[in-house]
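# Examination of the molecular architecture
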Amino acid sequence: MLNFLRTGVLFAVLTALFMAVGYFLGGTSGMLIALVVAAGMNLFSYWNSDKMVLGMQGAHEVDPRSAPELYDMVERLSRNAGIPTPKVYLIHTDQPNAFATGRDPEHAAVAVSTGLLNTLQPNEVAGVIAHELAHIRSRDTLTMTVTGTFAGAISMLAQFGLLFGGGNNRDNPLGAVGALLMVFLAPLAAGLVQMAISRTREYEADKDGAEISRDPLALASALAKISQRAQRTVNVAAERNPAMAHMYIFNPLSGARMDNLFSTHPAVENRIAQLQRLAGEMQTDRTGRRAEPNPGSTAAPRNSGWRVPPIGGSQGGSSQQRGPWG
């Protein structure tokens, strides 16, 4: 119930922000137009934003034939999380990263990059996937996807309003000054909403993900490796759509400071420290394993021999080619 309330409040806040931008660009008529557009976006975001996000990030779906080990890992971890197995996608980028999307656990997807699979050990990949499954289970994916969609739309609306002379509307109380302010303040406001949602939820997903994978130190190790590599590798799709950056497990934008006050992600050092404390509470040893392993544990074995499935080899099970993971 709390998740539905949070989502409803988010829709209301973003709709109000969208209308405010419309008002300062086009007065009362601009606000009414923005209200109609926002209503349409609310419906679109709920039903289709996940598909749009996956498309914008260049993700390609894989299945048990094209990526058997990866799919099996997601399937087993999903059972641990108590949710249906989401669709699995690959993003063709050297930057190690991952995100989840979808309006609910029954309509969800997990996307991991080829760089992530090439950089991490299987147990570390399992930790990252468990983190994303935690987002799905808590329904963070809907709020994060909707926020990204609105943030991008608000920025574009502000820029278009200035470009097409929105500040000249007589019904606009601040004229050109209001339009100019919206160009800078509207994206900032949308970014603050993203930050407020994302930073807290990342800590929670780290904690819940560690419990799902039963290996908190594997996720801590994965975050350390991702932070070192991601800041040196450009994610072209994310750079083109920066409003979606908060959806990733680690900020994919080049030059982004993780300890910045307005960052959508908390400092990776703080996240690792939390996982190390959790490992102590779970009584794991220095390798991240329980002293008495749970027979149902789905953490993948340590093995550096698995490789990346080919991008585009399978779309919804249509390909007959078997991926190199099999």
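Throughout what follows, the structure given in this document is the object of discussion.

Reading the values: the criteria
- Residues numbered from 1 in each chain as written.
- Predicted model: local features only at pLDDT ≥ 70, side-chain atom pairs only at ≥ 80, totals over all residues.
- Heavy atoms only, no water.
- Helix = DSSP H or I, 4+ residues; strand = E, 2+ residues; numbered from the N terminus.
- Expected span 1.5 Å × (residues − 1).
- Buried < 20%, exposed > 50% of the residue type's maximum accessible area, 1.4 Å probe, protein only.
- Arc of directions from axis to C-beta.
- Phe/Tyr/Trp six-rings, centres within 6.5 Å; stacked < 30°, edge-to-face > 60°.
- Axes fitted to C-alpha atoms, helices over the stretch in contact; angles between N-to-C directions.
- Parallel < 35°, antiparallel > 145°, perpendicular 65-115°, else oblique.
- Left-handed = near helix turned anticlockwise from the far one by under 90°.
- Contact = heavy atoms within 4.5 Å.
- Nonpolar A, V, L, I, M, F, W, Y, C, P; charged D, E, K, R; others polar.
- Pairing = 2+ DSSP bridges.

Let us look at helix α9 (residues 268-281). Taking 1.5 Å per residue as the helical rise, α9 with its 14 residues ought to reach 20 Å, and the 20 Å between its terminal C-alpha atoms agrees with that figure. Burial in α9 covers these residues: V268, R271, I272, Q274, L275, L278 and A279. Down the axis of α9, the buried set is contained in an arc of 160°. They therefore lie on one face. Turned more than 90 degrees away from the buried face of α9 sit E269, R277, G280 and E281, all of them exposed. At the C-terminal side of α9, Q283 shows a positive phi close to 60°.

Right, let's get into the packing of aromatic side chains. Inspection of every chain in the model, using the stated rule, returns one aromatic pair. Taken together, a centroid distance of 5.0 Å and an interplanar angle of 65° make the contact between F99 and Y248 edge-to-face. Residue F99 is located in strand β3 (residues 98-102), and its partner Y248 is located in the loop between α8 (236-240) and α9; the two are separated by 149 residues in the primary sequence. Residue classification places Y248 among the buried positions, given a relative accessible area of 1%.

Turning next to the packing of helix α7 (residues 216-230) against α9. Running from N to C, α7 and α9 cross one another at 165°; their axes reach a closest spacing of 8 Å. In terms of orientation, α7 and α9 fall into the roughly antiparallel class. For the element pair α7 and α9, the recorded crossing hand is left-handed. Within the contact between the two elements, α7 uses P216, L217, L219, A220, L223, A224 and S227 and α9 uses V268, R271, I272, L275, Q276, L278 and A279. A class-by-class count of the residues in the contact of α7 with α9 yields eleven nonpolar, two polar and one charged.

Moving on, we come to the sheet that holds strand β1 (residues 59-62). Strand order in the open sheet made by the four strands is β1-β2-β4-β3, with mixed pairing throughout. Every interior strand has two partners, whereas the edge strands, β1 and β3, have only one. Neighbour-to-neighbour, the strand axes of this sheet turn through a mean angle of 30°, independent of strand direction. Seen against the sheet, helix α2 (residues 68-81) touches β1, β2 (87-91) and β4 (108-113) and runs at an angle of roughly 135° to β2. The sheet strands contacting helix α4 (residues 122-137) are β3 and β4, and the helix crosses β4 at an angle near 155°.

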